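Chain by chain, the residues run as shown.
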Amino acid sequence: MTTTLTSIQSLRDILKPHRANKRIALVPTMGNLHDGHLSLVKLAKQHADIVVVSIFVNPTQFGEGEDLDSYPRTLEADTQKLASIDTNYIFAPSVDDMYPVLPPPTQVLAGDISTQLCGKSRPTHFDGVGLVVSKLFNIVAPDVAVFGQKDYQQLAIIRQIARDLSYDIDIVSAPIVRADDGLALSSRNQYLTATERSIAPTLHQEVTRLAEKLAQGVHINNASETDLSLLQSLIDESITQINEAGFKVDYLEVRQQNLQDITNTKQDTALVILTAAWLGKARLLDNQQVQVAV
Ligand code: PAF
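Let us look at the structure shown here. (Residues numbered from 1 in each chain as written. Predicted model: local features only at pLDDT ≥ 70, side-chain atom pairs only at ≥ 80, totals over all residues. Heavy atoms only, no water.)

### Examining the site of the ligand
Lining the immediate environment of the ligand, one finds Pro-28, Thr-29, Met-30, Asn-58, Gln-61, Val-132, Asp-151 and Gln-154. Here Gln-61 contributes a side-chain N or O atom positioned 2.6 Å from an oxygen atom of the ligand. Note that an oxygen atom of the ligand is positioned 2.7 Å from one of the side-chain N or O atoms of Gln-154. When the ligand is considered free in solution it has 290 Å² of accessible area, and contact with the protein chains removes 88% of it. Here the residues of the shell around the ligand sort into three nonpolar, four polar and one charged. (Near = heavy atom within 4 Å. Polar contact = N/O pair within 3.5 Å; in protein donor to acceptor, adjacent residues only side chain to side chain. Areas by Shrake-Rupley, 256 points an atom, 1.4 Å probe, with all protein chains shown as cover. Nonpolar A, V, L, I, M, F, W, Y, C, P; charged D, E, K, R; others polar.)

Here you go:
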C-alpha cells in the first residue's frame, strides 16, 4: 500500500516505528514522474525495506524568470505510478511547511562547485538544491538516498554536502534512463514542440560521438604539448554541430569524473562530458563518462 503524507510531522510519526529494524531509502523528486524516476525507486527498493519518495517543487532552486510557476505538478498521476511499483510512502509537503520563512535566511552552500557548469547560468540553483536536500535528509533521516546521474553536477554536490555535513546516508546513483532515440528522460522534455522533440536526440548523439573520439585517445594521447588545445577543438566542433541542429548550447565541457579540470590529457583518463543546451523553452542536460585509452 502507498501512503501519502503531506506534513513533516506526519511523515516523522509514521517512520518512527520502522527505524529500529528497517532500512529506509529516500528518493527526492519534484514530481511529474517518468520512467527515469521510477528506475530510482526500483533501485532504492534494492537498498532498503522502506522507500519514501518526496515530491516537492522546491521554490528555492528556481532563479528569477525560470519555470517555477509552470513546472508541471501532477500529484495524482505520480501517486498512481508510485503505487504501481509498491512505493511505501509519498512525502508531498506544502511550501509553507517546508519553508516557514521564504526566502529562508539559513543556507547550505557547496562553494566553488556550485558556480561552475550549470551554476554559471543558474547562479543560485545549487544553493536551493543543497538546502532542500539537507532538509529532506533531516526530515526523512534515511539510511540511503538515490539520485540520478543525469544531474551529474547535482549528484557531486550532494555527495560533497553529505560528506561535509556528516550525514550518515549512503548516496546511491542511478544510470540515465533514455528514450529509444537516446534522449535522456526529463520532466522538461514536455516543453518541446513536436519538431523540437525530433531534433532533441542530437544532443546525446553528439556527446556520444565526442565520447567515441576521446575513447580512441588518438587525438589526445598521441598529441604533444598542444593536446589540450586539440581537446578544445573537438569540443568546439561538437558545440557547432549541436547549435547547427537548432540548440543553443549553454556549455559543453570535458572534465575529470570528479569534476576537476583536465590538467594533462595523458594522465587524466577517467573523464566525463557534460552539457546543457536550450532547445526552445527546454534546457536539456546530458552527460557521458568516458575512459580514455592511454
Ligand atoms: O533533481 C531534482 O529533481 C531536484 O533537484 C531535487 C534533488 C529533488 C531537489 O529538489
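### Focus on the pattern of salt bridges
Inspection of every chain in the model, using the stated rule, returns 14 salt bridges. Taking the shortest distance from any N to any O, the salt bridge between Arg-122 and Glu-66 comes out at 2.6 Å. Of this pair, Arg-122 sits in the loop between helix H5 (118-121) and helix H6 (125-140) while Glu-66 sits in the loop between strand E3 (50-55) and helix H3 (75-84), placing them 56 residues apart in sequence. Assessed through its relative accessible area of 11%, Arg-122 is described here as buried. Asp-250 is the partner of Arg-283 in a salt bridge, and the nearest nitrogen-oxygen pair spans 2.9 Å. Pair noted here: Arg-283 is in strand E9 (residues 282-291) and Asp-250 is in strand E7 (residues 248-256), with a separation of 33 residues, a long-range link. Through salt bridges that share partners, Lys-120, Glu-253, Arg-255 and Asp-261 make up one connected network. (Salt bridge = Lys/Arg side-chain N within 4 Å of Asp/Glu carboxyl O. Helix = DSSP H or I, 4+ residues; strand = E, 2+ residues; numbered from the N terminus. Buried < 20%, exposed > 50% of the residue type's maximum accessible area, 1.4 Å probe, protein only.)

### Description of the nonpolar core
Side chains that are nonpolar tend, in soluble globular proteins, to be buried together. Counting 44 residues, the largest nonpolar core has Val-52, Met-98, Phe-137 and Ile-171 as the members making the most contacts within it. Going through the elements one at a time, helix H1 (8-15), strand E2 (24-29), E3, strand E4 (89-91), H6, strand E5 (144-148), helix H7 (152-164) and strand E8 (270-279) are the ones with two or more residues in this core. When sequence neighbours within four positions are dropped, the list of residues in contact with Val-52 reads Leu-11, Leu-15, Ile-24, Ala-25, Leu-26, Val-27, Tyr-89, Phe-91 and Val-140. Judged by nonpolar contacts, the second largest core, of 25 residues, contains Leu-214, Val-249, Leu-252 and Leu-284. (Core = buried A, V, L, I, M, F, W, Y, C linked by side-chain atoms within 4.5 Å. Contact = heavy atoms within 4.5 Å.)

### Some words on the sheet that holds E7
Pairing in this open sheet of three strands is antiparallel, and the strands run E7-E8-E9 from one edge to the other. Sheet topology places E7 and E9 at the edges, where each strand pairs with a single neighbour. Across this sheet, the average inter-strand angle for adjacent strands is 10°, counted without regard to direction. As paired elements, E7 and E8 share eight bridges and run antiparallel to each other. (Pairing = 2+ DSSP bridges. Axes fitted to C-alpha atoms, helices over the stretch in contact; angles between N-to-C directions.)

### Some thoughts on the sheet that holds strand E6 (residues 170-174)
Where strands meet in a sheet, backbone hydrogen bonds hold them as pairs that are either parallel or antiparallel. A sheet is described by the order of its strands in space; here six strands give the open sequence E1-E4-E3-E2-E5-E6, paired in parallel fashion. Edge strands, defined here as strands with exactly one partner in the open sheet, are strand E1 (3-5) and E6. Sheet twist, expressed as the average angle between the axes of neighbouring strands with direction ignored, equals 25°. The pairing of E2 with E3 spans six bridges and is parallel. Bridged to Val-27 within E3 is Val-53.

### As for the environment of Val-41
Positionally, Val-41 belongs in helix H2 (residues 35-47). By relative accessible area, which is 2% here, Val-41 ends up buried. On a C-alpha basis, the gap between Val-41 and Val-53 in space is 7.6 Å, while along the polypeptide they are twelve residues apart. In contact with Val-41, not counting residues within four places along its chain, are Val-27, Val-51, Val-53, Leu-82, Ile-85 and Thr-87.

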